[in-house]
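# A structural walkthrough
The primary structure of each chain is shown beneath.
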Amino acid sequence: MVVHKLTETTPFFHQPSRPQPEPPQVIRDLLADVGLSINGNQPWDIQIYDEKVYRMILYKGSLGFGVAYMEGLWEAEQLDETFHRLLSADLDRKLKGWARVRLLAEAVRHRIFNLQSQERAFTVAHKHYDIGNDVFEAMLDSSMSYSCAYWERADNLEQAQQHKLDMICRKLALKPGEHLLEIGCGWGGLARYAAEHYGVNVTGITVSKEQQALAQQRCAHLPVEIRLMDYRDLRGQYDKIVSVGMFEHVGPKNYPVYFQKAHDLLKKDGLFLLHTIGNYVTAPNTDAWIDNYIFPNGKIPSAAEIAQAIEDKFILEDWHNFGQDYDRTLMSWWQNFNEAWPTLSAQYGERFYRMWRYYLMCCAGYFRSRQGQLWQLVLSKREKRQVYRSVR
């Protein structure tokens, strides 16, 4: 486990100038069994700089908690461990008062509205993936893989991502001359790797103009086509299909359409690999802060939701969980981003820095607490007759 500690170069908005008032009783009750305190001496304790943080938490729940951090109203030296402790205690399920009412309202919103409709499909690109390739180039490895790395035999992020890419290709049993479809191709890391090392032709799709432009540049010398489009508009037949880190944007109302589309696109003896974050229970909504500031309209699936959605469409050949590797991946991304910050700060500013730190640290805590999982599923059609042997 990599633990980040604040340094003298870490930006702060301000430090407390006087002792802060005690938190409301409801917050003290929530923290009682977490091993975490307000204004305590442990590195994961929350240091309150302004008492309005309490109102923001009580009335807006996780959204208020995150906004207060972005505004510099509180801090924690080891923020990743702060979130690990909060999420291990399932505090998101114990909120009371107006925060609980807002949580229920958000759950209703996800159930009633199709937040991942085709008209909304490009929203997440504008909000997140198009913020600037320089941020992602600084944070990620050379393949620009923006998904969980595979650390079993790796010593660093570069190795772990290369091992992940190769494992995906081996799980798909790629052969020279095959046509691979990648639903959600990012900046072209997997497409380039598969074309270079396994001799396949690749069609990749993305909803991000920034991703498309850079992926086309990085794959210009290879049999790789990068299209800007929604998965629902795909046509044709492919030997193999892969989707890495995109399913979190599909949404439960669209799972039947998504898997039916993959089924229609896959040749009868083909394989489909789905790489996705998963939640250990079925959750009715997405964290409000993540929804507002990082991944709008996203929804993390549970195992039950995926199993129900693939029924009658695919045979489940393999289900591989390496969710604990995401903690180390996220902490590596944070280290890269933090080291590169002096070259990024003029363009993005301190509020962005705090937003990005909060994002990476809360996600690391999410996986460290094991609320979050990372799954790779290998799926096939019933018509496939060759025996599939699981690969690791």
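What counts, and where the lines are drawn
Residues numbered from 1 in each chain as written. Predicted model: local features only at pLDDT ≥ 70, side-chain atom pairs only at ≥ 80, totals over all residues. Heavy atoms only, no water. Helix = DSSP H or I, 4+ residues; strand = E, 2+ residues; numbered from the N terminus. Buried < 20%, exposed > 50% of the residue type's maximum accessible area, 1.4 Å probe, protein only. Contact = heavy atoms within 4.5 Å. Areas by Shrake-Rupley, 256 points an atom, 1.4 Å probe, with all protein chains shown as cover. Polar contact = N/O pair within 3.5 Å; in protein donor to acceptor, adjacent residues only side chain to side chain. Salt bridge = Lys/Arg side-chain N within 4 Å of Asp/Glu carboxyl O. Pairing = 2+ DSSP bridges. Axes fitted to C-alpha atoms, helices over the stretch in contact; angles between N-to-C directions.

### A closer look at the overall build of the protein chain
- Helix and strand content of the protein chain: 13 helices and nine strands.
- Buried residues in the protein chain amount to 59% of all 392 residues.
- For the protein chain, long-range pairs separated by at least 24 residues make up 75% of all intrachain contacts whose partners lie at least 6 apart in sequence.
- Of the roughly 16,900 Å² of accessible surface on the protein chain, a fraction of 50% belongs to carbon and sulfur atoms.

### Here we look at the side chain of Glu305
- Here Glu305 lies in helix 12 (residues 303–310).
- At 2.9 Å, the side chain of Glu305 forms a polar contact with the backbone nitrogen of Ser302.
- Ignoring sequence-local partners within four residues, the contact set of Glu305 consists of Pro252, Tyr255, Thr282, Lys299 and Ile300.

### Quick notes on the pattern of salt bridges
- Under the criterion given, the structure shown has 14 salt bridges.
- Of the charged contacts, one joins Glu81 and Arg85 as a salt bridge, the two residues approaching to 3.3 Å between their closest N and O atoms. You can see Glu81 and its partner Arg85 sitting in helix 3 (residues 79–88), four residues apart, about one turn around the helix.
- Residue classification places Glu81 among the buried positions, given a relative accessible area of 9%.
- Note that Glu225 is salt-bridged to Arg227, the shortest N-O span being 3.1 Å.
- Take Glu225: its relative accessible area is 39%, and that puts it in the partly exposed class.
- Accessibility expressed as a relative area gives 27% for Arg227, which makes it partly exposed.

### Thoughts on helix 10 (residues 255–265)
- Within helix 10, burial applies to Tyr255, Tyr258, Phe259, Lys261, Ala262, His263 and Leu265.
- Those residues of helix 10 hidden inside the fold are in contact with strand 3 (179–183), strand 6 (238–244), strand 7 (266–279), helix 12 and strand 9 (372–380).

### Details of the sheet that holds strand 5 (residues 224–228)
- Strand order in this open sheet of seven strands is 5-4-3-6-7-9-8, and the pairing throughout is mixed. What marks the edges here is a single partner per strand, and that holds for strand 5 and strand 8 (315–321). Within the sheet, the average angular offset between the axes of one strand and its neighbour, ignoring direction, is 15 degrees.
- With eight bridges joining them, strand 7 and strand 9 adopt antiparallel strand pairing. Bridge pairing in strand 9 links Leu274 to Leu377.
- Sitting on the sheet, helix 9 (residues 209–218) touches strand 4 (201–206) and strand 5, and the angle it makes with strand 5 is about 165 degrees.
- Helix 13 (residues 324–368) rests against strand 7 and strand 9 of the sheet, and its axis sits at about 100 degrees to strand 7.

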